[in-house]
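Single-letter residue listing:
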Amino acid sequence: MADYEERQSLLGDEDKGRQAAEAAGGPGRPLPAICDPGHLLHRIVVLVFMCFLGFGSYFCYDNPAALQTQVIQDLDLNTAKFMQLYAWYSWPNVVLCFFGGFLLDRVFGIRLGTIIFSLFVCVGQVIFATGALVNRFWLMEVGRFVFGIGGESLAVAQNTYAVNWFKGKELNLVFGLQLSMARIGSTVNMNIMGWVYSKVAALVGTPGHTALGASLMIAGVTCLFSLTCALVLGFLDKRAEKILNKEQGKTGEVIKLTDVKDFPFTLWLIFFICVGYYVAIFPFIGLGQVFFIEKFNFSPAEARAVNSIVYIISAPASPVLGFMVDRTGKNVIWVMVAVITTLAAHMMLAFTFWNPWIAMSLLGVSYSLLACALWPMVAFVVPEHQLGTAYGFMQSIQNLGLALIAMAAGAILDTRGYLFLEVFFCVCICVALIAVVMLYFVDYLKGGDLNMSAADRAKLLKESTSDAE
Amino acid sequence: MAALSVELNPGWPSPLPPVGDLLHVRAVGDNDTLHFLFCSLGAPTLLLVHTNSSSSTLEVDWTQFLTRKVSGSLRVEPESSILQSNAIVFSRLLEYDDVNNTANPTSDFFPPYDLRDFTWARLNLSGASALLCGAAATFANGSLCLKLTVFDSEGRDQILPRLLHSANSSQVEVWLDGVLPQATRSRFLLELQAVGGAYPLSRVEVQRSIDDEFTPSIFKVLQWLPPLNRTYGGSGFLQWKPVSYRQFSPVVEDGTPAQHSPPRPQSCAEESSGLIRAFYAEPETFGLNVSFGLAGEPFYNSTRFFSWTVLLGVGLPPMDSFSPAVLIMMAVGLGTPMILLLLGGVCVCIRKRASASSYEPIN
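Anyway, here's the lowdown on the structure attached to this text. (Residues numbered from 1 in each chain as written. Chains lettered and ligands numbered in written order. Predicted model: local features only at pLDDT ≥ 70, side-chain atom pairs only at ≥ 80, totals over all residues. Heavy atoms only, no water.)

**Here we look at the overall build of chain A**
And then number 1: Secondary structure summary: chain A contains 18 helices and zero strands in total.
And then number 2: The 469 residues of chain A split such that 57% are buried.
And then number 3: For chain A, contacts bridging at least 24 residues in sequence account for 80% of all contacts bridging at least 6.
And then number 4: When the accessible area of chain A is evaluated, it comes to approximately 18,400 Å², of which 68% is carbon and sulfur surface. (Helix = DSSP H or I, 4+ residues; strand = E, 2+ residues; numbered from the N terminus. Buried < 20%, exposed > 50% of the residue type's maximum accessible area, 1.4 Å probe, protein only. Contact = heavy atoms within 4.5 Å. Areas by Shrake-Rupley, 256 points an atom, 1.4 Å probe, with all protein chains shown as cover.)

**Re helix α13 (residues 300-328) of chain A**
And then number 1: The end-to-end C-alpha distance of α13 of chain A, which contains 29 residues, comes to 41 Å, matching closely the 42 Å that a straight helix rising 1.5 Å per residue would cover.
And then number 2: A317 of chain A marks the point of greatest bend in α13 of chain A, at about 45 degrees, and the proline P319 of chain A comes within the next four residues. (Expected span 1.5 Å × (residues − 1). Bend = angle between axes of the 7 residues up to and from the residue.)

**Digging into the state of the cysteines**
Residue and element names in this part refer to chain B.
And then number 1: On inspection of all chains with the given rule, the structure shows one disulfide over all chains.
And then number 2: Bridging C133 to C145, the disulfide has an S-S length of 2.0 Å. Because the sign of the S-S torsion sets the handedness, a value of about 110 degrees for the bond joining C133 and C145 places this disulfide among the right-handed ones. One end of the pair, C133, is in strand β11 (residues 129-135); the other, C145, is in strand β12 (residues 143-150), with 12 residues separating them in the sequence. (Disulfide = S-S within 2.5 Å.)

**Side note on the pairing of strand β16 (residues 186-196) of chain B**
All names here are of chain B.
And then number 1: Most of β16 sits out of view: 11 of its 11 residues are buried.
And then number 2: Alternating positions in β16 separate into two faces, S186, F188, L190, L192, A194 and G196 on one and R187, L189, E191, Q193 and V195 on the other, with burial throughout.
And then number 3: The pairing of β16 with strand β23 (residues 284-292) spans eight bridges and is antiparallel. Looking at the pairing, V195 lines up with T285 of β23. (Pairing = 2+ DSSP bridges.)

**Comments concerning the interface of chain B and chain A**
And then number 1: Between chain B and chain A, the contact holds 30 residues from the first and 31 residues from the second.
And then number 2: Between chain B and chain A the total buried area reaches about 2,700 Å² when both faces are included, carbon and sulfur atoms providing 74% of it.
And then number 3: The interface formed by chain B and chain A holds one salt bridge in total.
And then number 4: Note that R416 of chain A and E213 of chain B form a salt bridge whose closest N and O atoms lie 2.7 Å from each other.
And then number 5: The leading source of residues in the side of chain B that touches chain A is helix α5 (residues 324-359) of chain B, at 15 residues. (Buried area = accessible area lost by both parts, 1.4 Å probe. Salt bridge = Lys/Arg side-chain N within 4 Å of Asp/Glu carboxyl O.)

And the structure:
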């Protein structure tokens, strides 16, 4: 690709990094590996902070679900009102995270942007908890709204950071790890918040909105922790930039909002895959429990277990699959495998009485594989200065798709039943499949590097680096 | 397709008999006739007689018929043309106090309601369907209603559970509306008796179906059939889905399971139903209970309504199949990527060929 060197990853390859480090630290005094931004060991340290950057927001996002009965009881709500806590998070994000991504690229820059979004997450959670503390539901909604402004955009920032540090290296693995971190965050939340609440209630004396508010404040500590990660990451990134003289590589290009219409066709295809795929996963899992009870005669507990297996599998599987994609390259093929496997799983659920453990486990593996292989592709088709906007846009239309399809799915289920719903999800997956097939050919005909094997990619990187020097 | 002719109280001279009504629907096919007989003399009964002649007729000796004591007072002639007959008697309504909310009817039963002791209103006819409502003395304003519909072609109802029916079947919808339960936690059961001549319906078969398009979230069909060795294309059947509804115009959320007990031989159908007494000399009867509700779900008192629908027919029970919408969606969904893959493959091949041949002159 012509503009490859312009947007060559932040760090160059390791040799170059070492030279730069020596230049900065004076001759003959190389930095120890763990402090050397060019070294794998240092990248691992960065990775740890990067993963925990999102932990707080993932943990607190599902606080209402983990405390559903308590929230409804303590604040005297009904389920529809309770669901508004999620609506206030999701709906604004149909547009907000697009602007979040744009602001990252254009105004704040990645470092400041990340810190600002982390602050929003913290403040939002504190408002949310305060609302519970003083028993004002509207204040809780405000809190969720502020939390949402930060939360989704923080995910965009996290993706952008990952590309800056890991493109051309362990990028797929990093995306896999971030997914598994998100899963771990919400799983830990689900399992620990009830316990926290009961302890706080014992301390306060009675369960009630005070105990609820206090527990949510405690949950907010994870957001503070993530904010700390954002600060540390900002520092490390700044330091790496100085040591590696990264500024050189910049072309001074800035993104304009109108650049969105000039996004390459391949990026739009990636968006299509993203929407088509995820709308067939999340809304299905939301409605899945009753399906397993009715169709497969599962007990409610069993149904809950089989429904959550997708997320449970994705926590350990996604780093492993990410590593595999890193080793082999060929992202488009992996995405295609993931989409076809998901289609097969949905068809199994729709047209057979086979044990749903099979289909749901397949779904878990393919969901993880897709996350590792799809999201990094964005970094190969847009220049670096548009990255935040591209990820923001992707997140935005994913949110839009999910919100619309979740409503449609409920309506379909009520009028046409589960078979029709499953067929509808299959069609969504087929749309994603069409987009993957087109992506494969478009990339092939353009001679793009989306589907390059890992070895070719390394060769290309080496060539372009030597050209640059 | 079948031609339907509907006749109320055939052969009765004056406008209406003193008690009970007899509805006769004749469905004439190419070379057979189905006689659907619906009677409110005693417990409500639906009798289906299948004959192999398109000219078989019904003979009723009304004076004997009304005494409810003599077998043979109602005949289908000629008798040799009868292939098969089956009847369903809605014999009793049972109520129990579900103190622990387990929906497991084993104890705490209130005295049962015998449907033959109900006061039944006159049959209300409209087209090929008939509405029969009745009440026990203690029902206050409530009533138990049965709506019979006979069909001349295949199709399905617009309201849930939207059972598929054929021209060889009739549908009975039963509902209990506005009855004051004897306890706030009351649930109900309905006792059904299947009566047959030679081949009584003796076993209930559960069919699982992947297709819940017409009855959302119900993946089972239940069929009450003759013994295995007696099951053939022309035998009778009762078919229903294990769901009842808590509202008159239900949506999916109003659904609640309808569970059935295994069928057991019984001996008293002719006692309760005038029609059975009149038609059968030695009826064979099997009975079962259908119970409405599930542990943890609302009690009858919440809406004071439940409805349940069953088909009685001959031949093969109708089975749901995929709707055209499902087939088209799957075909288009799976077909388009395949075609695209093929087209793309061809495109790439042609390009490769072209570029390969353009190199040749250089050689």
